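Coordinate inspection notes
Next come the chains, spelled out residue by residue.
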Amino acid sequence: MEDSGQARPADPEAAGSLTESPLAVRKRGQQSPGLRAKYQSSGPGHCFKRVTLTKPTFCHSCSDFIWGLLGFLCEVCNFMCHEKCLKTLRSVCSCVTPSAVQVPVAHCFGPAGQKKRFCCVCRKHTEGNTALRCEVCGLHVHVDCATFTCADCRSCHVDGTLEQDTFHHHWREGNLASAARCEVCRRSCGSSDVLSGMRCEWCGITSHAACYLSVPPECTVGRLRCMLLHPACVQLDSRNFSKMHCYRIIESCRHELDNSDDVDPPPVASKDVQPAAAESGKQFLKVFDGDDAVKRNYFRLVSIFRATRNEEVVEAALRSFYLPDEPQDFELHELGGLQRLHSDDILNRNGGQDNRISLKDGGDAWLLRPRPRGAEVIKVYAGWPRSGAAFVRVSVSKDTTAAVVLTEVLSQLDRQEDESSFSLLEVFMSSKQVQRQTLTPQEKILDKLQGIRKLSLRQMNQTRFYVVENRKRAVQVNLLIGGLPPLLAREEYVQLIQEQLTIKNHLVTITHIYPSEGAVVLQVSCFSEAERIYMLAKDTSVGNKTLTSLVIPEIMHNKLAEDVCPLLVFVNTKSGGLKGRELLYSFRKLLNPHQVFDISNAGPLAGFHTFREVPRFRVLVCGGDGTMGWVLGVLEAVRHKLVCREPPIGIVPLGTGNDLARILRWGPGYSGEDTHHILVSVDEADEVLMDRWTILLDAQDMSEDGQDNGFLEPPKIVQMNNYFGLGIDAELSLDFHQAREDEPDKFTSRFHNKGVYLKVGLQKITHTRSLHRELHLQVDARDVPLPNIVGLIFLNIPSWGSGADLWGSEDDGRYGKPSIDDGLLEVVGVTGVVHMGQVQSGLRSGIRIAQGNYIRLTVSKPIPVQVDGEPWIQPPGHIIISAAGPKVRMLMKSKQKQKKSSAGAKDAGSESPSSRDAGV
């Protein structure tokens, strides 16, 4: 199958291989585009022909090798299989995928990366090609194939328009791990050679395409049920917002998808294929599927012999656009120019003596049009849960209006209510956005269908009709506006919002204000007003800082099961090179994307606000020590507005040092572990308490006798979780930080980062600075003399500088054994870079100086300082360190192996994308 919009031939051998049309012996529901091949199958929509194999080939149904020289190929979607598999085939063809959609949900396409995957439309490799993947359901497609996908993504929230029945499996074909096992027959069902096998994108179970229909339809969500935010518990009014907006996904490649229909086929490609066509006696035709395609100059190349039956040409054109319609219902109109139609020059003169086309010079551009129809049968779906068939069939003629169709549908559905309580809804299931339009009672259905087909045949293939109940439900769209000046009064925030966004007070209410974060939450009761504010905020700056705008879902906490403790996930995509983005994708797939937040997009506040009324939840932070400090700082600021004020927090280490993750057993750094195992480990982790410390930095002009002579700058307060350093340790961090600021693209791996640290350290190897002459230390109101050191470090955790034990493990009668929840800080000194290197290698420990819970430092000269890896130059003055309120709850990874229940779930096929990558 060819790629669209790139002037590639649509299966050059297809048009000339068919010589007859056995339409009368096929059921209409299983018909594939155009003339049918004589090889029947039980898979809907396929059009198989026998082909001669010229290279090793695998069956897409059973994934076994096809022995011999003959196989069976679907001319529409490139499905290849054995002859014996034709009878048991269950996979549907790409052309009938829209008919299998349960609830239309748009995709969220982003860059697919370089992993070996298969396109779910044409079933060919995406490796090495420009490809897209859905960030929510894992659909992989070529950019050119994306226009032929439909809105069959996971339904992750309730939007109040179309109601879903019991929670069913969401099956996605192919791209499984090689080690995947079938849930039904327990045999291997994965393959790295072809697109085969089925996987539920909620519970993760896998199955053969021939077995998955035997699996009970209701999905139990699997091993991750206890931490997954069930879609029925999330409410979001999203009519005018794309799924990218709803899931807060940065639209890095959205322009590629939006412009995929606008691509002008390069003339070089046409030149490349035309000589081959001339040699083989074939002609390439440019075929458009409607007026919109002509306007965009979006066409498909169809290869035909110079003497070809008209039905075969139409069939090849339908097949190139993945249309499951009959060729006798369509005709081709020649285009004299791309902007003008010659309606009187019709290609298909089937009533004439010669039923073969005559190709004129230059007449290679054609418009595929439906023949006029006096009546037809349409499918109308119920917009509420019901047993039995999902739709009813209604016959419409030229005079049939929407009101007549509504009456007939309600009669077939046995609904006795007043017809005025229902409406007929037209739904366009585009892969980018589901568009809904309510039809007026007087609108004629046949005229509506003909109008859509004239505009685009592809659009008609992705259009449905629903009967829905009229409900006057109050619209409620929540927007989080960030980037405002912090620490203002409520009246000032109200005035700022009114001035900058010109909100309409009767439609917009400010429900929450977070002064410490400079953010407000708006509740908007009008879709168009919400969309206007959302877009305007992104183009508005206050105090040289651009505002941020996020759509916030509403969690219906009263619907959460008692045994469910949902997990709130924060991922810093700027940490760990490209690993942060892959983790974000993996967690969105394994969990509900509404519980996964990209912290680089407006910070942690959006996640905490979303979970503000959840009575019990856990937090997983994917990032370095700085990211952890950021999350803990925001949690401290908004704790009073949360029902669960002390959620336990786990870590996936993406930074360079990751000292906190090390002592909590989460490892020295993430290196591609299976994300499903990570989530199971979070579920089984133990809760521990950890101290946090407040550091008051009061910069003052200090005289030689230590007296204050006035403020140099306003005092500032920072929070410390791991350690606080002054001197050589902070100076190395500052040099590293400046090097990373100058060339951030080079700092994408821990190995490189540590190499830069080593280089900076070697440059400071002769550094001498006597801190005992510049610092005056008090611990618990006692003066503590300092030895001759160049670095002073205050430890809250027994890990420093990427896992070094700076305090040491020897017993010392003067001090107690350090602990992260003992309410004490350990004060340690280092004598230079060589001493620090010896500590890193485990040959020595630091110089123990003191242990206490209240520290006071007097600094007489400017000095480098760093808090949890964030360095700066601190002017002279006073520094006070004290406990920061209540201890925080952390999650420590259990020493025990994961329970058998999790292992069983994993064996059943709950692979995350990272595990599938390892399998291929």
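Everything discussed here concerns the structure shown above.
Residues numbered from 1 in each chain as written. Predicted model: local features only at pLDDT ≥ 70, side-chain atom pairs only at ≥ 80, totals over all residues. Heavy atoms only, no water.

In spatial order, the strands read β7-β8-β9; together these three strands make up an open sheet with antiparallel pairing. Across the chains shown, the open sheet's two edge strands, defined by having one partner strand only, are β7 (171–173) and β9 (206–207). Here strand β8 (residues 198–200) runs beside β9; their pairing, made up of two bridges, is antiparallel. Across the sheet, the residue bridging to Arg199 is Thr206, located in β9. (Pairing = 2+ DSSP bridges. Helix = DSSP H or I, 4+ residues; strand = E, 2+ residues; numbered from the N terminus.)

Here helix α11 (residues 527–538) is twelve residues long and its end C-alpha atoms lie 17 Å apart, about the 16 Å a rise of 1.5 Å per residue gives. Three or more residues of α11 are buried, namely Phe527, Glu529, Ala530, Ile533, Tyr534 and Ala537. Viewed along the axis of α11, the buried residues span an arc of 165 degrees, placing them on a single side of the element. Buried positions along α11 lie against α2 (243–246), β21 (477–482), α10 (490–501), β22 (508–514), β23 (519–524) and β26 (548–552). (Expected span 1.5 Å × (residues − 1). Buried < 20%, exposed > 50% of the residue type's maximum accessible area, 1.4 Å probe, protein only. Arc of directions from axis to C-beta. Contact = heavy atoms within 4.5 Å.)

For the rest of this paragraph, the subject is the side chain of His140. Within the secondary structure, His140 sits in strand β6 (residues 140–142). For His140, the side chain forms a polar contact with the main-chain oxygen of Gly138, separated by 2.9 Å. The contacts of His140, once residues within four sequence positions are left out, are Ala112, Arg117, Phe118, Cys119, Cys120, Leu132, Arg133, Asn175 and Tyr585. (Polar contact = N/O pair within 3.5 Å; in protein donor to acceptor, adjacent residues only side chain to side chain.)

This part covers the sheet that holds strand β40 (residues 825–830). Here six strands make up an open sheet; going across it, the order is β41-β40-β39-β36-β43-β44 and the pairing antiparallel. Of all strands in the sheet, those bounded by a partner on one side alone are β41 (847–852) and β44 (870–874). Shown here is a sheet whose adjacent strand axes are inclined to one another by a mean of 20 degrees, direction ignored. (Axes fitted to C-alpha atoms, helices over the stretch in contact; angles between N-to-C directions.)

Another point: the nonpolar core. Judged by nonpolar contacts, the single largest core of 81 residues is most densely connected at Phe48, Cys81, Val141, Val287, Phe288 and Leu368. Of the residues forming this core, the biggest block, five residues, is contributed by helix α6 (residues 310–320). When sequence neighbours within four positions are dropped, the list of residues in contact with Cys81 reads Phe48, Cys59, Ile66, Gly71, Phe72 and Leu86. Grouped together as the second largest cluster of nonpolar side chains are 67 residues, Leu567, Leu605, Ile678 and Met690 included. (Core = buried A, V, L, I, M, F, W, Y, C linked by side-chain atoms within 4.5 Å.)

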